[in-house]
Amino acid sequence: MFKILEKDILSPVIKQMEIEAPRVAKKCQAGQFVILRLHEKGERIPLTIADFDRNKGTITIVFQEVGKSTRELGKMEAGDQIVDFVGPLGLPSHIEKFGNVICIGGGVGIAPVFPIARALRDIGNNVTGIIGARTKDLLFWEEKMRAACDELKVTTDDGSYVRKGFVTDVMKEIIEDKGKDNIALILAIGPQPMMRVVCNVTKEYGIKTIVSLNSLMVDGTGMCGCCRVTVGGQTKFVCVDGPEFDGHLVDFTELAKRSAIYLEKEREALDYHKCTCGGAS
Ligand code: NAD
Ligand code: FES
């Protein structure tokens, strides 16, 4: 069993938990993920590792309450136990000295971008961070990201905090300002439409771009095929070949279709959950 040591509410729908998982914390690296199950009959929830503390033996997860299982997780409190917490899974981020790097986190994607930005900066890259949310209340970890980057730009879709616009608007301005040849790498994590737009723009500029994909998963070990994506015309499994891929090679149309396969079932499960919980949350 894995104990929740701390719980923080980052926004009405985004929660952060510190989980006691010393063996995962000992081995994990930036970019990897875990799969957790709340109880014996629970759904498997894949979550990219948002932070880790090897000395304390803890992993930090940040999640958005989008479906039945994440809502159930959101109701758990410090002191509660999770039955399964498997990881680290997937390949770590490729960390080397590239030069000027832009790290983009959109919405909940801010959390998994954080340890990668920190690792890239620690090795000597000049890291510009861009974080964005729909509105001020959904933005989190601004100070953490500021500490992990040389420079941080913040944006909200509705202009309720700092500047108005998408993270991609800020990215374009930075590319124009610094010059495309002065940016060695862009890393983007967030909603699929965001990562797709990032890649479309950077492809035109010819800037290498890495995205971290959040496809549907079951086993997380390359056996079931659920997380299949097409990258550069080849079939890849996000859980063992990723989660990071060259964004210019990802078939985002197929990814979006596959991600929507169980939407109806997810809605039904959520409605049933709301009924059995008396409409709570
Ligand atoms: P969101 O819809 O609120 O968008 C967050 C930000 O992304 C926006 O503020 C905007 O700046 C940008 N954005 C969104 N759509 C855009 C578009 N069409 N063009 C340009 N920019 C756009 O995001 P959310 O509700 O927080 O969802 C976050 C998503 O990130 C979820 O789908 C989640 O599954 C995914 N996620 C992925 C990972 C991963 O490891 N790949 C980890 C965590 C979350
Ligand atoms: Fe089963 Fe990746 S989740 S192959």
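What counts and how
- Residues numbered from 1 in each chain as written.
- Chains lettered and ligands numbered in written order.
- Predicted model: local features only at pLDDT ≥ 70, side-chain atom pairs only at ≥ 80, totals over all residues.
- Heavy atoms only, no water.
- Helix = DSSP H or I, 4+ residues; strand = E, 2+ residues; numbered from the N terminus.
- Rg over C-alpha atoms; globule rule 2.2 N^0.38 Å.
- Buried < 20%, exposed > 50% of the residue type's maximum accessible area, 1.4 Å probe, protein only.
- Contact = heavy atoms within 4.5 Å.
- Pairing = 2+ DSSP bridges.
- Right-handed = clockwise from strand over helix to strand, strands pointing away.
- Phe/Tyr/Trp six-rings, centres within 6.5 Å; stacked < 30°, edge-to-face > 60°.
- Lys NZ or Arg CZ within 6 Å of the ring centre and 35° of its normal.
- Salt bridge = Lys/Arg side-chain N within 4 Å of Asp/Glu carboxyl O.
- Disulfide = S-S within 2.5 Å.

### A closer look at the overall build of the chain
1) Next: The secondary structure content of the chain amounts to nine helices and 17 strands.
2) Next: Taking 2.2 N^0.38 as the reference for a compact globule, 281 residues should give roughly 19 Å; the C-alpha atoms of the chain span a radius of gyration of 18 Å, in line with that estimate.
3) Next: Seen along its three principal axes, the alpha-carbon backbone of the chain occupies a region of about 55 × 40 × 40 Å.
4) Next: When each of the 281 residues of the chain is scored for burial, the buried share is 49%.
5) Next: Taking contacts inside the chain between residues at least 6 apart in sequence as the whole, the part at least 24 apart equals 64%.

### Describing the pairing of strand β14 (residues 209-212)
Two faces, one strand: in a regular strand the side chains alternate between the faces of the sheet.
1) Next: The alternating pattern of β14 places Thr 209 and Val 211 and Ile 210 and Ser 212 on opposite faces, both of which are buried.
2) Next: Note that strand β13 (residues 185-189) and β14 share three bridges and pair parallel. Along β14, the bridge assignment pairs Ala 188 with Val 211.
3) Next: Tracing the backbone out of β13, into helix α6 (residues 192-205) and back to the parallel element β14 gives a crossover that is right-handed.

### A closer look at the packing of aromatic side chains
1) Next: Inspection of every chain in the model, using the stated rule, returns three aromatic pairs.
2) Next: Ring centres of Phe 2 and Phe 85 lie 5.8 Å apart, and the angle between their planes is 40°; on these two criteria the pair is classed as tilted. Of this pair, Phe 2 sits in strand β1 (residues 2-9) while Phe 85 sits in strand β8 (residues 84-89), and the two are 83 residues apart along the sequence.
3) Next: Classification of Phe 2 by relative accessible area gives partly exposed; the value is 22%.
4) Next: With 5.5 Å between their ring centres and 80° between their planes, Phe 114 and Trp 141 make a pair best called edge-to-face. You can see Phe 114 sitting in helix α3 (residues 110-122) and its partner Trp 141 sitting in the loop between β10 (126-133) and α4 (142-148), a full 27 residues away along the chain.
5) Next: Judged by relative accessible area, Phe 114 falls into the buried class, the value being 5%.
6) Next: It is Arg 118 that lies over the ring of Phe 52; its NZ or CZ is 5.6 Å from the centre.

### Remarks on the pattern of salt bridges
1) Next: As enumerated under the stated definition, the model contains 15 salt bridges in all.
2) Next: Taking the shortest distance from any N to any O, the salt bridge between Glu 151 and Lys 153 comes out at 3.5 Å.
3) Next: Given the relative accessible area of 32%, Glu 151 is considered partly exposed.
4) Next: In this structure Lys 153 comes out as partly exposed when scored by relative accessible area, which is 32%.
5) Next: Among the ionic contacts, a cluster of salt bridges with common partners joins Arg 37, Glu 40 and Asp 84.

### Quick look at the state of the cysteines
1) Next: By the definition in use, this model includes zero disulfides.
2) Next: Unpaired in terms of disulfides, Cys 28 finds its nearest cysteine sulfur in Cys 103, a separation of 17 Å.

### Re the environment of Val 83
1) Next: Mapped onto the fold, Val 83 is located in the loop between β7 (81-82) and β8.
2) Next: According to the relative accessible area criterion, Val 83 is buried, its value standing at 15%.
3) Next: Put simply, Val 83 and Cys 149 are 66 residues apart on the chain and 35 Å apart in space, counted from C-alpha to C-alpha.

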